[in-house]
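# Coordinates in review
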Amino acid sequence: MKKTNVRYSAAFIILAVLLGILLFWNINSGSVNLSMAEIYQIIVKRAGEETAYNIVWGIRLPRIISAIILGGALSVSGFLLQTFFGNPIAGPFVLGISSGAKLVVSLVMIFLLGKGIAVSSGTMIVGAFAGAMISMGFILLVSRRVKKMSMLVICGVMIGYICSAITDFVVTFADDSNIVNLRNWSLGSFAGMSWENVKIMAIVIFASLILTFLMSKPIGAYQMGEIYAQNMGVNIRMFRVALILLSSILSASVTAFAGPISFVGIAVPHLVKSLLKTAKPILVIPACFLGGAVFCLFCDLIARTVFAPTELSISSVTAVFGAPVVIYMMVRKQNRMM
């Protein structure tokens, strides 16, 4: 067996083992501690003490599965954006895409809640997607006039600040009850997830992930340059549109359900490519999903337990662990250019 194949297998095994450990750790973390036997009884045999059963199936498992699905989606979205812009620090949060999604979802929530209408998951996804596409549209317009990627990233950050400022302005004039809902959501959290949420996010995200995986070959060709991809028969215009739509759907779904989550889309793809020592999409896409799931499960565990019973926002924790990775990437890139 080639050394590269051994490395790839080892990388996926490491990610799978970490996911399994964190899965059990998250199930067992909280005010009610459970033994291995109790967890096995509750999950596998659907039996056990009623309170513990309701806690695991009604609260902890939906949250854990949501963190896995949404964390993986955000990581893959970041990889697609990095491929599209050819920059390792491009991501949904940095480019302002998450902030655009947050703005539109906030407007939708205030409007519907103000009229006494419940906000459905589908409505939030559509609103988040619309906001993500608006922000992406501005980024694409700017990219035509700005040649340096560093300037594009700065413009993305500024777009994010503008969207956040408008969101805060709108929230100021919302009803008190709506402000509470918006504040909790806008900070970023996997709390309060239901099985209905899990079902909807799984359908939307896994459909997008399958389409993304099927595009592995064109993505690999695009990584070699547009001219090479064209020579390989890739329709560049359609390919770029598909890449934008898929990355926007993935990041918008995350924002719709869990609010804006920072740095996962930048840090995890970099860590995964460093672990695999390759950028081949057919390997990086599934590895990014696993890596994003592991990263978000770990950060959610920290958010829930470090200052329990007070819970931190997931975005604050991901920033603490993700920002140093981004700083390291930028410093290393600068050293290579010198």
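Quick summary incoming for the structure in this document. (Residues numbered from 1 in each chain as written. Predicted model: local features only at pLDDT ≥ 70, side-chain atom pairs only at ≥ 80, totals over all residues. Heavy atoms only, no water.)

Tallied over the entire structure, the rule returns six aromatic pairs. Note on Tyr 53 and Trp 57: the rings are 6.4 Å apart at their centroids and 35° apart in plane angle, and the pair reads as tilted. Residue Tyr 53 and its partner Trp 57 are located together in helix 3 (residues 50–85), separated by four residues, close to a single helical turn. Relative accessible area serves as the criterion here: at 22%, Tyr 53 is assigned to the partly exposed category. (Phe/Tyr/Trp six-rings, centres within 6.5 Å; stacked < 30°, edge-to-face > 60°. Helix = DSSP H or I, 4+ residues; strand = E, 2+ residues; numbered from the N terminus. Buried < 20%, exposed > 50% of the residue type's maximum accessible area, 1.4 Å probe, protein only.)

With 36 residues, helix 3 extends 51 Å between its outermost C-alpha atoms, agreeing within 8% with the 52 Å of an ideal straight helix rising 1.5 Å per residue. Arg 60 marks where helix 3 bends most, by close to 40°; the proline Pro 62 follows one to four residues later. Helix 3 sits mainly inside the fold: 29 of its 36 residues count as buried. (Expected span 1.5 Å × (residues − 1). Bend = angle between axes of the 7 residues up to and from the residue.)

A word on the pattern of salt bridges. Per the counting criterion, the structure on display carries four salt bridges. The partner of Arg 63 in a salt bridge is Asp 300, and the shortest N-O contact between them spans 2.8 Å. Of the two residues, Arg 63 is situated in helix 3 and Asp 300 in helix 13 (residues 281–305); the sequence distance between them amounts to 237 residues. Neither Arg 63 nor Asp 300 differs from the other in exposure class; each is buried. Between Asp 300 and Arg 304 there is a salt bridge; the shortest N-O distance is 3.9 Å. Linking Asp 300 with Arg 304, this pair stays in helix 13, spanning four residues, or about one helical turn. In this pair, the class of Asp 300 matches that of Arg 304, namely buried. (Salt bridge = Lys/Arg side-chain N within 4 Å of Asp/Glu carboxyl O.)

In most cases, non-glycine residues show a negative phi, while peptide bonds are predominantly trans. Despite not being glycine, Phe 263 shows a phi value in the positive range, around 70°. Tracing the backbone shows Phe 263 in the loop between helix 11 (236–258) and helix 12 (264–276). Positioned with a positive phi, Lys 277 is a non-glycine residue whose angle comes to about 60°. Looking at the secondary structure, you find Lys 277 in the loop between helix 12 and helix 13. What makes Lys 277 exposed here is its relative accessible area of 59%.

The relative placement of two packed helices comes down to the angle between their axes together with the axis-to-axis distance. Taken N-terminus to C-terminus, the directions of helix 1 (residues 3–27) and helix 13 make an angle of 30°; their axes are 10 Å apart at the nearest point. Classified by the angle their axes make, helix 1 and helix 13 are roughly parallel. Judged by the twist between their axes, the crossing of helix 1 over helix 13 is left-handed. Only Leu 283, Pro 286, Ala 287, Leu 290, Gly 291, Ala 293, Val 294, Leu 297, Phe 298, Asp 300, Leu 301 and Arg 304 of helix 13 make contact with helix 1, whose side of the interface consists of Tyr 8, Phe 12, Leu 15, Leu 18, Leu 19, Leu 22, Leu 23, Trp 25 and Asn 26. In terms of residue class, the contact of helix 1 with helix 13 is built from 17 nonpolar, two polar and two charged. (Axes fitted to C-alpha atoms, helices over the stretch in contact; angles between N-to-C directions. Parallel < 35°, antiparallel > 145°, perpendicular 65-115°, else oblique. Left-handed = near helix turned anticlockwise from the far one by under 90°. Contact = heavy atoms within 4.5 Å. Nonpolar A, V, L, I, M, F, W, Y, C, P; charged D, E, K, R; others polar.)

Our focus in this paragraph is the packing of helix 3 against helix 11. With their axes 9 Å apart at the nearest point, helix 3 and helix 11 run at an angle of 150° to one another. Between helix 3 and helix 11, the angle falls in the class roughly antiparallel. Remark: the crossing between helix 3 and helix 11 carries left-handed chirality. Residues Leu 70, Ala 73, Leu 74, Val 76, Ser 77, Leu 80, Leu 81 and Phe 84 of helix 3 lie in contact with helix 11, whose contacting residues are Arg 240, Leu 243, Ile 244, Leu 246, Ser 247, Leu 250, Ser 251, Ser 253, Val 254, Phe 257 and Ala 258. Taken together, the residues of the contact of helix 3 with helix 11 break down into 14 nonpolar, four polar and one charged.

What follows covers the environment of Gly 188. If you trace the backbone, Gly 188 turns up in the loop between helix 7 (176–186) and helix 8 (195–214). Gly 188 gets classed as buried once you look at its relative accessible area, which sits at 1%. Taking the C-alpha atoms as reference points, Gly 188 and Ala 258, separated by 70 residues in sequence, lie 5.4 Å from one another. Those residues in contact with Gly 188, other than ones at most four positions away along the chain, are Ala 258, Gly 259, Pro 260, Ser 313, Ile 314 and Ser 315.

Purely geometric stuff here, so don't read any function into it on its own.
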